[in-house]
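An overview of the molecular structure
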Amino acid sequence: SEAELAALLARAFDAPPDVVAHVTGAVFAVTDRDQDGRLDFREFVRSFELQQGVLPYKIVETRAKALARRLTREEVAALKQTFADLDANHDGAIDAGEVGQLLAGCFPGTSAETLAEVRQAIMAVADRDHDGRINLT
């Protein structure tokens, strides 16, 4: 619901109430296609296909940069190792196929159609240069 998204934004991004209200209102105006006041899974996934998803990119980017500044060298090394582990073909990037393999392993029993939708949503957001690959930098 809009209230749940507002609570998530306020908690996760330490955003002021006026920003939270503006963002949640804008998100629901675009993504809640059936106007029922809730985002179902398809609306949530579609939000990533249409644009940046339910969380505006600038908010996510700002929070990610703040987090990156606080990471220790050990944490950065662990993140790099995790990225390398996900890079199944060891080419230095994670492609859509590798994302699909990860999702299938994490969500066994989920339909191929749903996994494909989630994979497309992830790639739409994470593939910043639109080359079909997620890069670490």
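This text goes with the structure placed above it.
Brief notes about the overall build of the protein
Looking only at helices and strands, the protein features seven helices and two strands. Reading the helices (α) and strands (β) of the protein from amino to carboxyl end gives α-α-α-α-α-β-α-α-β. The buried share of the protein, reckoned over its 137 residues, is 27%. Residue pairs at least 24 apart in sequence account for 44% of intrachain contacts in the protein once pairs closer than 6 positions are excluded. On the protein, roughly 9000 Å² of surface is accessible, and the fraction owed to carbon and sulfur atoms is 58%.

Digging into the nonpolar core
Counting residues in each nonpolar core, the largest one holds eight residues, listed as Phe83, Ile94, Val99, Leu103, Leu115, Val118, Met123 and Ile134. Residue assignment for this core shows that the elements contributing at least two residues are α6 (96–106) and α7 (112–126). The dominant element in this core, judged by the number of residues it contributes, is α7, at three residues. Discounting residues that sit within four places of it in the chain, Ile134 has contacts with Phe83, Ala93, Ile94, Val99, Ile122, Met123, Ala126 and Asp127. If you look at the next biggest cluster of nonpolar residues, it comprises seven residues, including Ala6, Leu9, Val23 and Val27.

Some remarks on the side chain of Glu98
For Glu98, the position within the fold is in helix α6. Buried within the structure, Glu98 lacks any salt-bridge partner; Arg133 is the closest side chain of opposite charge, at an N-O distance of 7.2 Å. Reaching out from Glu98, the side chain makes a polar contact with the backbone nitrogen of Asn89 at a distance of 2.9 Å.

With respect to the packing of α6 against α7
In a pair of packed helices, the angle between the axes and the distance between the axes together describe the arrangement. Where α6 contacts α7, the two axes come as close as 9 Å, and the packing angle between them is 130 degrees. In this view, α6 runs oblique relative to α7, as classed from their interaxial angle. The two elements α6 and α7 meet at a crossing, and its hand is right-handed. Judged by residue contacts, Ala96, Val99, Gly100, Leu103 and Ala104 of α6 engage Leu115, Val118, Arg119, Ile122 and Met123 from α7. Grouping the amino acids of the contact of α6 with α7 by side-chain chemistry returns eight nonpolar, one polar and one charged.

Observations regarding unusual backbone geometry
Unusually for a residue other than glycine, His90 sits at a positive phi of about 55 degrees. Relative to the helices and strands, His90 resides in the loop between α5 (73–86) and β1 (93–95). Given a relative accessible area of 66%, His90 falls into the exposed group. Phi at His130 is positive, roughly 55 degrees, even though this residue is not glycine. Residue position: His130 is located in the loop between α7 and β2 (133–135). Relative accessible area serves as the criterion here: at 65%, His130 is assigned to the exposed category.

Observations concerning the pattern of salt bridges
Counted according to the given criterion, the structure contains two salt bridges. Notably, a salt bridge pairs Asp91 with Arg133, separated by 2.9 Å at the nearest N-O pair. You can see Asp91 sitting in the loop between α5 and β1 and its partner Arg133 sitting in strand β2, a full 42 residues away along the chain.

Some details on the environment of Thr110
Turning to its location among the elements, Thr110 is positioned in the loop between α6 and α7. A distance of 2.9 Å separates the side chain of Thr110 from the backbone oxygen of Phe107, its partner in a polar contact.

A few points about α7
Between its terminal C-alpha atoms α7 stretches 21 Å, which fits the 21 Å expected from 15 residues at 1.5 Å a residue. Of all the positions in α7, only Leu115, Glu117, Val118, Ala121 and Met123 are classed as buried.

What counts and how
Residues numbered from 1 in each chain as written. Predicted model: local features only at pLDDT ≥ 70, side-chain atom pairs only at ≥ 80, totals over all residues. Heavy atoms only, no water. Helix = DSSP H or I, 4+ residues; strand = E, 2+ residues; numbered from the N terminus. Buried < 20%, exposed > 50% of the residue type's maximum accessible area, 1.4 Å probe, protein only. Contact = heavy atoms within 4.5 Å. Areas by Shrake-Rupley, 256 points an atom, 1.4 Å probe, with all protein chains shown as cover. Core = buried A, V, L, I, M, F, W, Y, C linked by side-chain atoms within 4.5 Å. Lys, Arg positive; Asp, Glu negative; His and termini not counted. Salt bridge = Lys/Arg side-chain N within 4 Å of Asp/Glu carboxyl O. Polar contact = N/O pair within 3.5 Å; in protein donor to acceptor, adjacent residues only side chain to side chain. Axes fitted to C-alpha atoms, helices over the stretch in contact; angles between N-to-C directions. Parallel < 35°, antiparallel > 145°, perpendicular 65-115°, else oblique. Left-handed = near helix turned anticlockwise from the far one by under 90°. Nonpolar A, V, L, I, M, F, W, Y, C, P; charged D, E, K, R; others polar. Expected span 1.5 Å × (residues − 1).

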